[in-house]
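Chains, contacts and geometry: an overview
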Amino acid sequence: MAPGLRVTRRIVAVASVAATIGSGIVAEATPAAAAPDCGVVMCVSDWATLSADFAANDSIALSQDITYTSADSAELLKVPTTGAAAVTLDLNGFTLDIGTTNALPVEAAGIEVPPSTTLTIQDTAGGGRLTVTAQGGGAGIGGYGSNSDVSEGAGSITVSSGTVTAVGGGGSGGGAGIGGGGNDDALSGGSGGSVTVAGGSVTATGGGGGAGIGGGGGGDLTPGGPGGSLTVTAGSVVATGGGGGGAGVGGGGAGDLKLGGFGAIVLVSAGSLTATGGSGGQQGAGAGIGGGGGGGEDDGGNGDMLTVTGGTVTATGGGSGSASGGGAGVGGGGGGADGGDGGGVPAVSVAAGSVIASGGTSAGGDPGDAIGGAGLGSGMGGGSDGDFGSLDVAGQLTFATAEGIPSTVTAGTTAPFFTVEPTGVVTVETTLSGSGVITNDGTILPGPSGSIEDTLQGSSLTIDDDAFDLSFDVNGGPGLTPSSMVVYADDVHNADRSLPTVSAPAGQSFAGWYSAADSSGTRVANKTDLVNTFGDGPISEELFAHYVAFGPPPPPPSPPSITVASSENPSSTGDSVTFTATLSPPPSCGTVTWLVDSQPVSDGTAGSNGVYTLGPLSSLPVGSDPVTATFSGCASAAAESGTVVQQVNQPASSPPPPGVTDPTITAKVTSAHVKRHGWYRSPVHVSFSCTAGSSALATPCPDPVTLSKSKANQSVSASVSDSDGGAGSVTVTGINIDR
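Model, not experiment: these values are computed from the prediction.

Definitions and limits used
Residues numbered from 1 in each chain as written. Predicted model: local features only at pLDDT ≥ 70, side-chain atom pairs only at ≥ 80, totals over all residues. Heavy atoms only, no water. 1 Å grid on protein atoms, 1.4 Å probe; cavity = no way out; pocket = protein on both sides within 12 Å on 5 of 7 lines; lining within 4 Å. Points joined across faces, edges and corners; volume = space filled by probe spheres on them. Helix = DSSP H or I, 4+ residues; strand = E, 2+ residues; numbered from the N terminus. Nonpolar A, V, L, I, M, F, W, Y, C, P; charged D, E, K, R; others polar. Buried < 20%, exposed > 50% of the residue type's maximum accessible area, 1.4 Å probe, protein only. Core = buried A, V, L, I, M, F, W, Y, C linked by side-chain atoms within 4.5 Å. Contact = heavy atoms within 4.5 Å. Pairing = 2+ DSSP bridges. Salt bridge = Lys/Arg side-chain N within 4 Å of Asp/Glu carboxyl O.

Here we take up the layout of surface pockets. Approximately 1,200 Å³ is the volume found for the largest pocket. Forming the boundary of the largest pocket are 42 residues, of which N532, T630, F631, E640 and S641 lie nearest the centre. Counting residues per element, the ones that place at least two in the lining of the largest pocket are α2 (530-534), β45 (592-596), β48 (623-631), β49 (640-649), β50 (664-671) and β54 (727-737). Here the residues of the lining of the largest pocket sort into 19 nonpolar, 17 polar and six charged.

Note: most peptide bonds trans; most residues except glycine with negative phi. Cis geometry marks the peptide bond from G537 to P538; its omega dihedral reads 5°. By secondary structure assignment, the location of P538 is in the loop between α2 and β41 (539-549). Its identity as a non-glycine residue notwithstanding, D597 has a phi of 55°, on the positive side. Along the chain, D597 falls in the loop between β45 and β46 (599-601). Take D597: its relative accessible area is 6%, and that puts it in the buried class. With a phi close to 55°, N713 is a non-glycine residue in the positive phi region. When you line up the elements, N713 lands in strand β53 (residues 711-721).

On to the nonpolar core. Core analysis: the largest hydrophobic core is formed by 76 residues, its most contacted members being L50 and I141. When residues no more than four places from it in sequence are discounted, the contact partners of I141 are I111, V113, L119, I121, L130, V132, I157, V164, A166, G177, I178 and G179.

So, on to the environment of S729. Relative to the assigned elements, S729 resides in strand β54. Note: C-alpha distance between S729 and C690 (39 residues apart in sequence) is 9.8 Å. Apart from the residues within four sequence positions on either side, S729 is in contact with Q647, I665, A718 and S719.

Looking now at the pairing of strand β16 (residues 194-205). Where strand β13 (residues 156-159) and β16 come together, four bridges link them in parallel fashion. Note that in β16 the partner of I157 across the bridge is V195. In terms of strand pairing, strand β14 (residues 163-167) meets β16 through five bridges, oriented parallel. When the bridges of β16 are listed, V164 appears paired with V202.

The next thing to look at is the pattern of salt bridges. Tallied over the entire structure, the rule returns four salt bridges. One salt bridge connects E112 with K78, and the closest N-O pair in it is separated by 4.0 Å. Of this pair, E112 sits in strand β9 (residues 111-112) while K78 sits in strand β6 (residues 77-78), and the two are 34 residues apart along the sequence. Overall, E112 belongs to the buried group, its relative accessible area being 13%. Ionic pairing is found between D490 and R676, a salt bridge with its closest N-O pair at 3.8 Å. Taken together, the positions of D490 in the loop between β38 (485-487) and β39 (508-514) and R676 in the loop between β50 and β51 (684-691) put the pair 186 residues apart, joining distant regions of the chain. Take R676: its relative accessible area is 13%, and that puts it in the buried class. Residues participating in the shared-partner salt-bridge network are D490, D529 and R676.

Structural data, given as structure tokens:
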């Protein structure tokens, strides 16, 4: 076919005519059955045409089921490296069987997709299936294998619909299900290329040491291939590494004395991904998502990056029945049996969706972590566990096996770190321990058989911020003292727990738990914000039972109304302004604290008959300054706050002419999360309202401003003017953000 020529191939019904010459008698024509319509792409019904159309960079649609036979071995499917170097294969509702019924040649890929080429697989009619089984080091879809030369990596492979099953060739140095070819010649297994699943169903299984999706396996003295990348935006993916340390998704397993293949960059935004590492022997086991197992006394491959913004991910490290290390669920491959180190260093972000991670077991070495380092081999003096990278959780994460947080993990945003965001939920099914630091602004839950071994439990792991050890005092009641309760959330309810109840003295009923034995304490209920009540953890607090005389349970205390007033509003720079907070009805207990521009101030005076004062203050900044009075709450009155916005203007150089007034502009500060201790934990939005003076506005009211950078003492200024030369301005200062 001439270059660039696009041919539409259709099967046309042909009339069958029977005639009797000389008699003039002609039999009626009988039309043949209509063939499937392939549209404007190449309509293919046999293997030879399929192979030729691949070689021509065509867009192809099947018109019937096709099965590879041994007679087709000289016409294997390969995306050419010349021309467009791209082929689109539409299953079109039919089945393409490559090597599953009849074996392919050894080392050949089922469909060869060399580096820098592109294969797209789709199924526009629905019900189509592609099954590929390679032999002896070839990838199911991707690169060819080799036992005498360099193995081939994979190009770009996309599955948008249909059912695809791909199995890499087995043996020493097996191929990936989808990805690089295996190698048994002291050279690296092939790289995994770039794989995208945008729909359909994909099942990929590596051959001996090959990744399910990713790098090819290494044979004797051969390192595993690197993992490439996998992006899942829809559909379902099941990837299983080959025995010999292949990752489910990521690096290939290594041969003796060689490194396991490095992990893949994995992005999941929807759909599902189930990844299981291959088992270990002399090699370490592969990670579910991450590095391949190391051979002998060499190291497992490091993990790379997993980012989940939606969908579900289940990652299980491979197990080892010998002295090699188990693979991480997400992270490094296991170390070889002769003392290789486990791989590690994954960067994991669970922004949304759900991740379940399980480390692989080991009969004689170390098991892998659920997320982080893999196990080490036990021979020749042993190795070391893989390093921990970074883990940020804003969705749901389950540690299905034991997880250890090493001492290198510290608070902050510089790796290595482990942060649970306010929306994040981490579930511990077995044990969470270690000696590092977890920054918990969300929720950590022990499962039915799970345990958390941290400083609140007398161990070395530190869980910062949302971590509270609550003990109980029956406060003279006749009941037994309840067991203490450890809460890793901002309140008891979010930790899936409930505060206990206790028996009351005769003639009384239990009225709840308080932070003090007498009426000065603050009531603590299941949904009480523990950070606002006690401060950032880890912290231990004792709660005291309170009782009331028989009768209906007392209603929870109501808050007083708080009115905050200014002695001069608006004011000018340098003016002395006094603020008053009037509480009605006046509470008999509790205190009032003040914030000016979100910063605490200590110039307030004790209240008298419900009236509290602040000031006089003469250093208020120009602009709109929110002044907030907060009542702490106590046994007889709930907490409450009130705010007045003090407008501070520059002194006018001269009064405006009679009858002329300047426009005014005010600012409003909002954020998605309540400010704690003077700091916002999410972006801050500043919006403006403008009012014309004696003439129409000459400029529009300014657009809202959003501050999202973590920084102290940020400010926003805006101004407006009118047509007679008047102007107004506002400045919001003291905005502190720590995300």
